[in-house]
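Coordinates in review
So the chains spell out like this:
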Amino acid sequence: MTQARRRALWTLAIWGVAAVGFGLTFFTGGGPADYADDGVRRAAGGAFLALGFFGTPFMLWLTRAHPGQVVADERDESIGRRAATGGLIVVLLYVFALCVVLWERHEASGCVPVGWLWFLAYSSAALAYLVPALVSLLLDFGILDRGEG
């Protein structure tokens, strides 16, 4: 297994747990309206994100190159570029769409519950790691077209 594939799989595992854990803490116990006022839920949600933010560099250290090991070839570099670009586009579309949906949903009241800002921030961070890892694996396994143009 290549270093890139191993790292993508570990990134999906680490950030998958972080995203699901945060999602569960966010949507239970009162949901978005009460999230900002519930210190226990905010701490639990933050702990799941901390797992991702601290687990990622630890994973990178564990999967570092060893002397004589080929880390990446042209194919890996091409996949990495396409995955990063795809990840950026998906996260930008996600943030835009969620903001529009929240505006439409809460326009009449004139304000969006502040809990949704926590959700937007944390979920965007998780997606910024999850999407490139997923796209990388889909390209690596040949599920997505590997053509450059």
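You'll find the structure just up there.
First, a word on scope: everything that follows refers to the structure included in this document. (Residues numbered from 1 in each chain as written. Predicted model: local features only at pLDDT ≥ 70, side-chain atom pairs only at ≥ 80, totals over all residues. Heavy atoms only, no water.)

**Quick look at the overall build of the protein chain**
Operational definition: Helix numbers and strand numbers start at the N terminus; a helix is a DSSP run of H or I with at least 4 residues, a strand a run of E with at least 2. When accessible area is computed with a 1.4 Å probe and restricted to protein chains, residues below 20% of their type maximum are described as buried, those above 50% as exposed, and intermediate ones as partly exposed. Residue contacts follow a heavy-atom distance rule, with two residues in contact if any of their heavy atoms lie within 4.5 Å. Residue burial considers only the protein chains on display, and all accessible areas are found by Shrake-Rupley using a 1.4 Å probe.
Looking only at helices and strands, the protein chain features five helices and zero strands. Element order for the protein chain, N to C, with α for helix and β for strand: α-α-α-α-α. Across its three principal directions, the C-alpha atoms of the protein chain cover 60 × 35 × 20 Å. Split into buried and exposed, the 149 residues of the protein chain put 34% on the buried side. Put simply, of all contacts in the protein chain between residues at least 6 apart along the chain, 76% involve residues at least 24 apart. Carbon and sulfur atoms form 71% of the exposed surface of the protein chain, whose accessible area is close to 8800 Å².

**Thoughts on a nonpolar patch on the surface**
Defined as follows: Candidates for patches are residues over 30% relative accessible area with no salt bridge; among them, like charges are joined within 9 Å and nonpolar side chains (Val, Leu, Ile, Met, Phe, Trp, Tyr) within 5 Å. Any carboxyl oxygen of Asp or Glu within 4 Å of a side-chain nitrogen of Lys or Arg constitutes a salt bridge here.
A contiguous nonpolar patch, built from F53, F54 and Y129 and spanning about 340 Å² of accessible area, is present on the exposed surface. Within the fold, F54 resides in helix α3 (residues 39-62). Residue classification places F54 among the exposed positions, given a relative accessible area of 65%.

**A look at α3**
Inclusion rule: Working rule for helices: expected span equals 1.5 Å times residues minus one. Counting of polar contacts relies on pairs of N or O atoms within 3.5 Å, with two restrictions inside protein: one atom must be capable of donating a hydrogen and the other of accepting it, and residues adjacent in sequence are counted only when both atoms are side-chain atoms.
Between its first and last C-alpha atoms α3 spans 33 Å; for 24 residues at 1.5 Å apiece the expected length is 34 Å, and the two agree. All of the buried residues along α3 are R41, G45, L49, G52, G55, T56 and M59. In this structure, the buried residues of α3 make contact with α1 (3-27), α2 (31-35) and α5 (115-140). The N-cap of α3, judged by a side-chain oxygen 3.2 Å from the amide nitrogen of V40 a few residues on, is D38.

**Here we look at the pattern of salt bridges**
Within the structure shown, the criterion is met by three salt bridges. Among the salt bridges present, the one from R5 reaches D140, with a minimum N-O distance of 2.5 Å. Taken together, the positions of R5 in helix α1 and D140 in helix α5 put the pair 135 residues apart, joining distant regions of the chain. The class for D140 is buried, based on a relative accessible area of 10%. Beyond isolated ion pairs, a larger network of salt bridges with shared partners links R5, R75 and D140.

**Here we look at the packing of α1 against α3**
Note the following rule: Axis definition: a line fitted to C-alpha atoms, over the contacting stretch in the case of helices. Angles run 0 to 180 degrees between N-to-C directions. Note on terminology: angles under 35 degrees are roughly parallel, angles over 145 are roughly antiparallel, angles of 65 to 115 are roughly perpendicular, and the others are oblique. Each residue is assigned to one class: nonpolar for Ala, Val, Leu, Ile, Met, Phe, Trp, Tyr, Cys and Pro, charged for Asp, Glu, Lys and Arg, and polar for all the others, Gly among them.
Interhelical geometry of α1 versus α3 gives an angle of 175 degrees and a closest axis separation of 8 Å. What the angle tells us is that α1 and α3 run roughly antiparallel. Listed contacts from α3 to R7, W10, T11, I14, W15, V17, A18, G21, F22, T25 and F26 of α1 are R41, A44, G45, F48, L49, L51, G52, F53, G55, T56, M59 and L60. Looking at side-chain class alone, the contact of α1 with α3 contains 14 nonpolar, seven polar and two charged residues.

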